[in-house]
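Spelled out, the chains give:
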Amino acid sequence: MQDEKLQKVLARSGFGSRREMERWIESGRIMLNDQPATLGDRVSAQDRVCVDGKEVALTFAATAERRVLVYNKPLGEVCTRHDPEGRPTVFDNLPPLKQGRWVAIGRLDINTSGLLIFTTDGELANRMMHPSMQIDREYAVRVLGDVDDAMLERLQQGVLLEDGMARFTDVRYFDGEGANKWYHCVVMEGRNREVRRLWESQGAQVNRLKRVRFGPVFLPSDIKVGTWRELAPKEVELLARELELDSARTHRPTPLESEREQRLYKRQRVRQAVIKGQSEEDKPRTPGKSRTKARSVGKRNSGNKRGRRV
């Protein structure tokens, strides 16, 4: 088997981006064959690699599969593998992998629901999260308070928050009457609680927030709260082309593996109970209710702006 750069193999194996792996190597967290790894080291399947003192299994190009999974996160789950407070995590109910591990693309706070994307490809994850790619995120938000055109204009022009200027690249009324109204808004960054803080800067209260799109990936209506679906090979290939990634092997299970995966998919439990006291009229109504599985991934608008408008 041909050897590869250590940081590239670690990234593919789901430990982080290449740049992050380079920092780990420089800080001495990586050992190669019982010696501190250095930038430029190459590895093969015969080498022994330890991360923070623990030997790890690596995924090499010859056997790697690019897999992508979309998940409808319920309220009450945290975006971490191990929570010190013992709260449920978004990784608890994902399907097991024979090789590699699921890497979360972006995060949602405990009080935000909706679309989360997981992949086995560290490069794909890094490409979707890197600011230079200008990947936009679309949210359905229920706002309590008076919202007028002047407020919407300010939110699009930019508001100074404690960590700098922020704005919606698009924000539009969607549905609702009375004090609570639904809006759809788009941000180009993944800053902590950015959507909530933007609305709160205008004196409005956000009482429901759900992500419905991340770049070209939509949250399909057939994925219920607390459940996941793995993207088909054609969808994964389309997403890779959108991100300008090289082609890679996609997951094509044997008939026996496919049957096992279908049983696992069908056994999923819709965890509506996580969202206590929520009525049907409270649930975010997202556009494209009739969108089918084939519409999980769609092309963004081309042009100077890489982001897609609502």
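Presented here is a report on the structure given in the accompanying data block. The model shown is predicted, which means the values in this text are computed figures rather than measured ones.

How each quantity is defined
Residues numbered from 1 in each chain as written. Predicted model: local features only at pLDDT ≥ 70, side-chain atom pairs only at ≥ 80, totals over all residues. Heavy atoms only, no water. Helix = DSSP H or I, 4+ residues; strand = E, 2+ residues; numbered from the N terminus. Buried < 20%, exposed > 50% of the residue type's maximum accessible area, 1.4 Å probe, protein only. Contact = heavy atoms within 4.5 Å. Areas by Shrake-Rupley, 256 points an atom, 1.4 Å probe, with all protein chains shown as cover. Pairing = 2+ DSSP bridges. Polar contact = N/O pair within 3.5 Å; in protein donor to acceptor, adjacent residues only side chain to side chain.

1. Notes on the overall build of the chain
Phase 1 of the analysis: A tally of helices and strands in the chain yields 7 helices and 17 strands.
Phase 2 of the analysis: Per-residue burial for the chain yields a buried fraction of 47% across its 310 residues.
Phase 3 of the analysis: Look at the contacts in the chain between residues 6 or more apart in sequence, and 69% of them connect residues 24 or more apart.
Phase 4 of the analysis: Taken as a whole, the chain presents about 16200 Å² of accessible surface, with 47% of it coming from carbon and sulfur.

2. Observations regarding unusual backbone geometry
Phase 1 of the analysis: The phi dihedral of Gln134 falls on the positive side, at around 55 degrees, and the residue is not glycine.
Phase 2 of the analysis: Relative to the helices and strands, Gln134 resides in the loop between helix 3 (122–129) and strand 10 (137–144).
Phase 3 of the analysis: For Gln134, a relative accessible area of 37% translates into the label partly exposed.
Phase 4 of the analysis: Phi angles above zero are rare outside glycine, and Arg193 is one such case at about 50 degrees.
Phase 5 of the analysis: Note that Arg193 resides in the loop between strand 14 (180–187) and helix 5 (194–200).
Phase 6 of the analysis: A relative accessible area of 35% places Arg193 in the partly exposed class.

3. Here we look at the sheet that holds strand 2 (residues 30–32)
Phase 1 of the analysis: A sheet is described by the order of its strands in space; here 4 strands give the open sequence 3-2-5-6, paired in antiparallel fashion. Unpaired on one side and paired on the other, strand 3 (35–36) and strand 6 (54–55) mark the two borders of the sheet.
Phase 2 of the analysis: Of the strand pairs in this sheet, strand 5 (residues 49–51) and strand 6 are connected by 2 bridges, and their pairing is antiparallel. Paired with Val51 across the strands is Lys54, a residue of strand 6.

4. Topic: the side chain of Asp136
Phase 1 of the analysis: With respect to the helices and strands, the residue Asp136 is situated in the loop between helix 3 and strand 10.
Phase 2 of the analysis: A distance of 3.1 Å separates polar atoms of two side chains, one belonging to Asp136 and the other to Arg213.

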